[in-house]
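A look at the structure
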Amino acid sequence: MSELVSSSITVSCLKCKIHHTHLILMLYNNLFQALAVNETWLPRCDHGQFFTGDFFTDNRVPYSTVFAGIPESYYNLFYKSRYAFHYIYEHISKEFDWYLKADDDTYVVVEHLRKYLSFLDPNKPYYLGYTLKPYLVSSFNQFYIWHFYKNENGYNAGGAGYVLSRAALKIFNEKLYINATLCPDDIYEDVGIGRCLASVGIFPHDTRNALGQNRFNTHTPSDIFHSRMNNPKYTYFVEHKVRFAIYNLIVLLLFCFIFYTFNHFYF
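Residues numbered from 1 in each chain as written. Predicted model: local features only at pLDDT ≥ 70, side-chain atom pairs only at ≥ 80, totals over all residues. Heavy atoms only, no water.

**Here's the deal with helix 3 (residues 110–117)**
- Considered for burial, the residues of helix 3 that qualify are V110, L113, R114, Y116 and L117. Looking down the long axis of helix 3, one finds its buried residues gathered within 165° of arc, a one-sided arrangement. For helix 3, the exposed residues set more than 90 degrees away from the buried face come down to H112 and K115. (Buried < 20%, exposed > 50% of the residue type's maximum accessible area, 1.4 Å probe, protein only. Helix = DSSP H or I, 4+ residues; strand = E, 2+ residues; numbered from the N terminus. Arc of directions from axis to C-beta.)

See below:
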């Protein structure tokens, strides 16, 4: 997710030729970015609709004020994504094969996405994207004060965009959206969605091609064009187990020191 704040907009892209694909794009009240998306990759699908909490002054952008009344804050992005998936499932269509969420600065080569999805079964619970692993912050502590919740399967980065199959969206809405225990609120949108899905056994699918290259990525167009990210170390997130082990040890020692100091002074 972009960390530059504000209003979220969702764009849907329906009825692609190979599979019915519903695209959700989180924007940040930026009409120019909405116009750019609307004039580039969005028309490559047959229908587009932006969700927002505000009115647009340009009638070239089709939109609905689905998020009206939701406070504008970076920390509400998880809530908005969760509600967007729910709204689309309940009020637009639960029959599409694939549902994509992407940021306003993400460019999608729709033809490539369609081709890749054509080899997968939307009736299976797929969660597709650029995988970061193996650590998710536990719901017990979302501010990194205590410990990390270990999830060997990780989560998909919001900045690269991620896709849910029809089966995954059905499970999300019927089992997770209504259950705050399995799907607690989170200050990080992509981590939160990943944790929710992991609680029912839906983990990121390996989306790399036969050469180990990512189909989804978080790199800039310049980096991709000039092949600056072709080094194998960039093709998948590297697990830094030693680093996190040291971090956890330091946090534990700090906690013990604070606890000891508190007891020493007050008791």
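Here the narrative resumes.
**Some words on the packing of aromatic side chains**
- Following the criterion strictly, the structure yields seven aromatic pairs and no others.
- Their ring planes at 50° and their centres at 6.1 Å tell us that Y83 and Y87 sit as a pair that is tilted. Of this pair, Y83 and Y87 both sit in helix 2 (residues 77–92), four residues apart, which is roughly one turn of the helix.
- With relative accessibility at 22%, the residue Y83 sits in the partly exposed group.
- Between F96 and Y99, the aromatic rings sit 6.0 Å apart at their centres with planes inclined by 80°, giving edge-to-face as the arrangement.
- Relative accessible area serves as the criterion here: at 6%, F96 is assigned to the buried category.
- On the accessibility criterion, Y99 (1% relative accessible area) is buried.
- By the ring-pair criterion, three or more aromatic residues cluster together here, those being F85, Y127, Y162 and F172. (Phe/Tyr/Trp six-rings, centres within 6.5 Å; stacked < 30°, edge-to-face > 60°.)

**Here we look at the pairing of strand 5 (residues 98–103)**
- The buried fraction of strand 5 is high, at six of six residues.
- Along strand 5, one buried face is formed by W98, L100 and A102 and the opposite face, lined by Y99, K101 and D103, is buried too.
- In this sheet, strand 11 (residues 162–165) lies alongside strand 5 in antiparallel orientation, the contact comprising four bridges. If you follow Y99 over to strand 11, its bridge partner there is L164. (Pairing = 2+ DSSP bridges.)

**Observations regarding the packing of helix 2 against helix 5 (residues 189–198)**
- Axis separation between helix 2 and helix 5 bottoms out at 8 Å; the angle between their running directions is 50°. For the element pair helix 2 / helix 5, the angle class is oblique. Seen along the crossing, helix 2 lies across helix 5 with a hand that is right-handed. The residues of helix 5 that touch helix 2, namely those facing L77, F78 and S81, are E189, G192, I193 and C196.
- A class-by-class count of the residues in the contact of helix 2 with helix 5 yields four nonpolar, two polar and one charged. (Axes fitted to C-alpha atoms, helices over the stretch in contact; angles between N-to-C directions. Parallel < 35°, antiparallel > 145°, perpendicular 65-115°, else oblique. Left-handed = near helix turned anticlockwise from the far one by under 90°. Contact = heavy atoms within 4.5 Å. Nonpolar A, V, L, I, M, F, W, Y, C, P; charged D, E, K, R; others polar.)

**A closer look at the confidence of the model for the protein**
- Scored by pLDDT, the protein has a mean of 75; 70% of the residues are at 70 or more.
- Note that pLDDT drops below 50 for residues 14–19; the model gives that stretch 23 contacts with residues more than four away or on any other chain.
- A low-confidence stretch, residues 137–150 (pLDDT under 50), is modelled with 38 contacts involving residues beyond four sequence positions or located in other chains. (pLDDT = per-residue confidence, 0-100.)

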